[in-house]
Amino acid sequence: MIMKIEKYESGEEEEEVKDFSSVITRTAAFFSAGSPLRSISQFGGPAYEERPQQTEMALRISDALALSKNICVEAPTGVGKSFAYLVPAIYYALESGKPVIISTETINLQDQLINKDIPLIKKAIGLEFKAVLAKGRSNYLCMRRLGMASGKNASELLPLEALHSGVSRIQKWAKSSDDGAKGSIDFPYSKNLWEHVCSEVGNCMRNKCEHYKSCFYWRARKSWDSSDIIVANHALFFTDLKMRSVEEMESSLLPEYSALILDEAHKLEDEAAQHLGLHLSSFGVRSFLRKLYDPEKARGLLMIGGDRSMALRKTVSETLTASDFFFESARNYLAERNKGEIRIMNPFFIEDTITVQFQKLDKELEEFIKSCEDDSIRQEMTAQYMVSTYYSKGFFDFLNMKMPGHVYWIEGKGEGGGLHTAPVEIGKLLSQLLFSIEEPIVLTSATLSVNKSLDFYFSRIGFADGEALILDTPFDYMSQVSLYVPKMPLPDTEDYFDSLCMRVQEYIRMTHGKAFVLFTSYDLLKKSATSLRRFFDEMGIKLMIQGGDLPPAMMLEEFRRDTNSVIFGTNSFWSGVDVPGEALSNVIITKLPFSVPDQPIVQARNEKVRELGGNPFFDYQVPEAVLRFKQGTGRLIRRKSDKGIIVVLDRRIVSKNYGRDFLESLPPCRLWIE
């Protein structure tokens, strides 16, 4: 890597070549025949297994880091990819003097890295280094805001009287808490209350705050600066990336880093689309406005202002009315077309009754802030002003369609529905924002390739001028897995549902539960669960359905405990779920996981493929579905002792030419086709 060193006495700049070759040699030594991994069981780790794929991955990553190159690695389950990138990352961070960021999609992987893998490596590697988990700012308690919520104005600030007892419990907890993070709270608390006491960027007085030296967030933030490895999630990383792309931003969420490792990188396109777009919900707008002033309860920040805030309270009430009317118009627009979501193709699809009202609120908030004598109240109001300007600009940009290269849509589901945009060409955007940085970037996941090529993945995320590595699975699928494709009607035919229910019963009997049944439609999941409930009761098998009584994390916990149970799952169970052993012995794919073609973002991506001369179905929808298929079937085999069956209840996998892409995406295994 070339590092620039400024000569202040002469004002000249000269380049010093820093040698990182030791990263390569030390990584090679760690994974050599005398590897410290051989004794890792002494430290509570698993028995050592030599994994050539892991060694190759580690060496290639160490080479990329040392030479400041980008690299993308598909590392199937069982390779041990976290060790393969952690070891060279640690050596590189220590040599460069700046942290390496490791970003993941799931909390489970973050926990594994911080609480299991990194402590084991620290014991084996024989070097001192510091690793921390970076959380978003709102995860930390703000003592200044807690003081406001418990002080003389608490009755005006808190939206409900019942929240006062919660404040007392949080005060008591804060006195003994080491990190002030909400994840450390060991008692039930209101989400609404936490929003009134957590740290927020606009609310922070930084070194002007009396609590600055003991601030939970800034203590954490300073620890990140002095760390070698920082584990974050994709949401935090992409928020930071968005902030860095805005020139007027004075700060970023993450410290300067020497390298970036993006694990679970198969989610990169969707995560970037979500976090680099715009989202305006009825629920969010109402929550914000009622925080300022709730006319029904006569509570909110503006109650502190007394008579001075009466005119502003009236404006907030008017904005609430305008917001309700606007979102009701949007929901009516959907209802008239009998849609749950619909793409917006032209500006002003409904009358703009909200932008001018928010612009008025902006001006009055700005004037009110100038009259605030209390520093703490002024800071709180400044934060609300920032939110208000976000909404006024957001509504204006959406209704005028001022965001080039974005797809626009509205939806009615969720907490009040909302307005959304997302960039269509994520690859082009990431090429500019992410892959243009000087620091080396490592991408890795178990599922990135289609037809043994990373070309499709690279085209979607804008990865170029980097190295590619596709590793073989360390598992023997031929002896561990049987793949069944029974005779079935096609999914869009009348007899498909009855056949689906019959076949699910057949294959559930084969393993007596122990199964994930994966759906692409929640409606089909619910209909199937209703039809099959009696069967499961008679078999004595517990059926859990996504969207039922238990959240996904508790469903998994119960599934692992009750080894005969079955989960009917949709999106969140297709990836990021790890159930090794007998508990999961059967994965049933009800339909090939094609995206719904009339979803706004899918429509827009298809149009872009067609515009560039491609075939949307074969060049985008099929490879995207293949990757998701690989993720779903990948839930089954998590270690060398695992065995089980994969069942595909979609005949297209053998009746259509493109079905071969799905079959060939799996390692060779025993195949049973009726």
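Before any of the text, the structure's been laid out above.
Predicted model only: the values in this text are computed from it and were never measured. (Residues numbered from 1 in each chain as written. Predicted model: local features only at pLDDT ≥ 70, side-chain atom pairs only at ≥ 80, totals over all residues. Heavy atoms only, no water.)

Please explain the overall build of the protein chain as it appears in this structure.
Within the protein chain, the secondary structure is distributed over 25 helices and 20 strands. Here the protein chain has a C-alpha radius of gyration of 27 Å; the compact-globule value for 674 residues is 26 Å, and the two agree. Along the first, second and third principal axes, the C-alpha set of the protein chain runs to 80 × 70 × 55 Å. Within the protein chain, the proportion of its 674 residues that are buried is 53%. The contacts in the protein chain between residues at least 6 apart in sequence include a share of 75% that link residues at least 24 apart. On the protein chain, roughly 30,900 Å² of surface is accessible, and the fraction owed to carbon and sulfur atoms is 50%. Of note, the protein chain has its 82 positive side-chain charges centred 4 Å away from the centre of its 91 negative side-chain charges. (Helix = DSSP H or I, 4+ residues; strand = E, 2+ residues; numbered from the N terminus. Rg over C-alpha atoms; globule rule 2.2 N^0.38 Å. Buried < 20%, exposed > 50% of the residue type's maximum accessible area, 1.4 Å probe, protein only. Contact = heavy atoms within 4.5 Å. Areas by Shrake-Rupley, 256 points an atom, 1.4 Å probe, with all protein chains shown as cover. Lys, Arg positive; Asp, Glu negative; His and termini not counted. Charge placed at Lys NZ, Arg CZ, Asp CG, Glu CD.)

Would you explain the nonpolar core in this entry?
Grouped burial of nonpolar side chains is what soluble globular proteins tend to show. Ranked by size, the top nonpolar core spans 104 residues in total, and within it Leu430, Leu443, Phe516 and Phe662 carry the most contacts. Setting aside anything within four residues of it in sequence, one finds phenylalanine 662 in contact with Leu592, Pro593, Phe594, Val622, Ala625, Val626, Phe629 and Ile653. Residues Ile71, Ala89, Ile102 and Val231 belong to the second largest nonpolar core, which totals 43 residues. (Core = buried A, V, L, I, M, F, W, Y, C linked by side-chain atoms within 4.5 Å.)

How do you make sense of the pairing of strand 17 (residues 566-569) when you look at a structure like this?
The side chains of a regular strand alternate between the sheet's two faces. Neither face of strand 17 is left uncovered, since the one carrying Val566 and Phe568 and the one carrying Ile567 and Gly569 both have all their residues buried. Pairing analysis gives 4 bridges linking strand 15 (residues 515-518) to strand 17, with the strands arranged parallel. Its bridge partner lying in strand 17, alanine 515 is registered against valine 566. Looking at chain direction, strand 16 (residues 543-545) and strand 17 are connected through 3 bridges and run parallel. Bridging across to strand 17, leucine 543 finds its partner in valine 566. The handedness of the strand 16 to strand 17 crossover, carried by helix 21 (residues 552-561), is right-handed. (Pairing = 2+ DSSP bridges. Right-handed = clockwise from strand over helix to strand, strands pointing away.)

Looking at this structure, how should I read a nonpolar patch on the surface?
On the surface, a cluster of nonpolar side chains totalling about 230 Å² of accessible area is made up of Val654, Leu671 and Ile673. For valine 654, the position within the fold is in helix 24 (residues 652-655). (Patch = residues over 30% accessible without salt bridge, like charges linked within 9 Å, V, L, I, M, F, W, Y side chains within 5 Å. Salt bridge = Lys/Arg side-chain N within 4 Å of Asp/Glu carboxyl O.)

Quick question: what am I supposed to make of the side chain of asparagine 70 here?
By the element assignment, asparagine 70 lies in the loop between helix 2 (52-66) and strand 3 (71-74). Beyond its immediate stretch of four places on either side in the chain, asparagine 70 contacts Phe435, Glu439, Pro440, Ile441, Phe463, Gly466 and Glu467.

Which parts of the structure should I look at to understand the sheet that holds strand 7 (residues 259-262)?
Note: strands within a sheet are paired through backbone hydrogen bonds, in either parallel or antiparallel orientation. The parallel open sheet is built from 7 strands, whose spatial order is 5-6-4-7-12-3-13. The open sheet is flanked by strand 5 (131-133) and strand 13 (467-470), the only strands paired with a single partner. Between one strand and the next, the sheet's axes are offset by a mean angle of 15°, whatever the strand orientation. Examined bridge by bridge, strand 4 (residues 100-104) and strand 6 (residues 229-233) share 5 bridges and lie parallel to one another. From the neighbouring strand, isoleucine 101 faces strand 6, where its bridge partner is isoleucine 230. On top of the sheet, helix 4 (residues 107-125) reaches strand 4, strand 5 and strand 6; it is set at about 155° to strand 6, its chief contact. (Axes fitted to C-alpha atoms, helices over the stretch in contact; angles between N-to-C directions.)

Could you clarify how one ought to interpret helix 23 (residues 616-633) in this entry?
Working note: α-helix, 3.6 residues per turn, so residues spaced by three or four point in the same direction. Its 18 residues place the ends of helix 23 24 Å apart at the C-alpha level, agreeing with the 26 Å of an ideal helix rising 1.5 Å per residue. Taken as a whole, helix 23 carries its principal kink of about 25° at valine 622; the proline proline 623 stands between one and four residues after it. Burial analysis of helix 23 places 14 of its 18 residues in the buried class, the great majority of the element. N-cap assignment for helix 23: the residue whose side-chain oxygen lies 3.0 Å from the backbone N of phenylalanine 617 is asparagine 615. (Expected span 1.5 Å × (residues − 1). Bend = angle between axes of the 7 residues up to and from the residue. Polar contact = N/O pair within 3.5 Å; in protein donor to acceptor, adjacent residues only side chain to side chain.)

Explain the pattern of salt bridges to me, please; I cannot follow it from the model alone.
Opposite charge on two side chains permits pairing when their charged atoms draw close. What the rule picks out here adds up to 37 salt bridges. Between aspartate 375 and arginine 378 there is a salt bridge, with the nearest N and O atoms lying 2.7 Å from each other. Note that aspartate 375 and arginine 378 are positioned in helix 15 (residues 375-399) at a spacing of 3 residues, about one turn of the helix. Take aspartate 375: its relative accessible area is 44%, and that puts it in the partly exposed class. The partner of arginine 639 in a salt bridge is aspartate 642, and the shortest N-O contact between them spans 3.5 Å. On the basis of relative accessibility, which here comes to 41%, the residue arginine 639 falls in the partly exposed class. Here the salt bridges do not stand alone but share partners, grouping Arg144, Arg145, Glu200, Lys291 and Glu380 into one network.

Honestly, unusual backbone geometry in this entry has me stumped. Any pointers?
Of note, histidine 512 is a non-glycine position whose phi angle comes to about 45°, a positive value. Along the chain, the position of histidine 512 falls in the loop between helix 19 (496-511) and strand 15. Overall, the relative accessible area of 31% leaves histidine 512 in the partly exposed class.

Before we go on, may I ask you to explain empty space enclosed by the protein in this structure?
Sizing a probe to match a water molecule and rolling it over the atoms shows the empty space that remains. As enumerated under the stated definition, the model contains 3 cavities of 30 Å³ or more in all. Estimated volume of the largest cavity: approximately 120 Å³. For the largest cavity, the lining is made up of 14 residues, of which Cys142, Cys204, Cys209, Cys215 and Trp218 are closest to its centre. Of the residues belonging to the lining of the largest cavity, the class tally is 8 nonpolar, 3 polar and 3 charged. Of the volumes computed, that of the second largest cavity is approximately 80 Å³. (1 Å grid on protein atoms, 1.4 Å probe; cavity = no way out; pocket = protein on both sides within 12 Å on 5 of 7 lines; lining within 4 Å. Points joined across faces, edges and corners; volume = space filled by probe spheres on them. Nonpolar A, V, L, I, M, F, W, Y, C, P; charged D, E, K, R; others polar.)

Help me understand the side chain of arginine 503, please; the structure alone is not making it clear to me.
Along the chain, arginine 503 falls in helix 19. Once residues lying within four places of it in the same chain are set aside, the contact partners of arginine 503 are Pro486, Lys487, Met488, Leu649 and Glu674.

For this particular structure, what's the right way to read the environment of isoleucine 102?
Turning to its location among the elements, isoleucine 102 is positioned in strand 4. A relative accessible area of 0% means that isoleucine 102 is categorised as buried. For the pair isoleucine 102 and asparagine 233, spaced 131 residues apart in sequence, the C-alpha separation works out to 8.0 Å. For isoleucine 102, the residues in contact, after removing those within four places along its chain, are Tyr85, Leu86, Leu113, Ile229, Ile230, Val231, Ala232 and Ile261.

Sorry, what's going on with the pairing of strand 14 (residues 481-485) here?
Among the 5 residues of strand 14, 5 are classified as buried, and the element is accordingly described as predominantly covered. Residues of strand 14 alternate between two faces, with Val481, Leu483 and Val485 on one and Ser482 and Tyr484 on the opposite face, all of them buried. For strand 14 and strand 19 (residues 644-648), the ladder comprises 4 bridges, and the chain directions are parallel. Looking at strand 19, one finds that valine 481 is bridged to glycine 644. Two elements, strand 14 and strand 20 (residues 670-673), share 4 bridges in a ladder whose sense is parallel.

Would you mind going over the sheet that holds strand 16 with me for this structure?
Spatial ordering of the open sheet is given by 16-17-15-18-19-14-20, a layout of 7 strands whose pairing is parallel. Every interior strand has two partners, whereas the edge strands, strand 16 and strand 20, have only one. Ignoring strand direction, the axes of neighbouring strands in this sheet form an average angle of 15°. Along the sheet, helix 20 (residues 522-539) makes contact with strand 16 and strand 17, crossing strand 17 at roughly 165°. Along the sheet face, helix 23 touches strand 15, strand 18 (586-589) and strand 19 and points at about 155° away from the line of strand 18.

Explain helix 5 (residues 143-150) here, please?
Arg144, Arg145, Leu146, Met148 and Ala149 are the residues of helix 5 that are buried. Buried-residue contacts for helix 5 involve helix 6 (154-157), helix 7 (163-176), helix 8 (191-197), helix 12 (282-292) and helix 15.

Please explain the packing of helix 5 against helix 7 as it appears in this structure.
To characterise two packed helices, one gives the angle between the axes of the helices and the distance between these axes. In contact at an axis separation of 10 Å, helix 5 and helix 7 are set at 145° when each is read in the N-to-C sense. Crossing hand, helix 5 versus helix 7: left-handed. Together, Met143, Leu146, Ala149 and Ser150 of helix 5 and Val167, Ile170, Gln171 and Ala174 of helix 7 make up the contact between the two elements. Within the contact of helix 5 with helix 7, the residues separate by chemical class into 6 nonpolar, 2 polar and no charged. (Left-handed = near helix turned anticlockwise from the far one by under 90°.)

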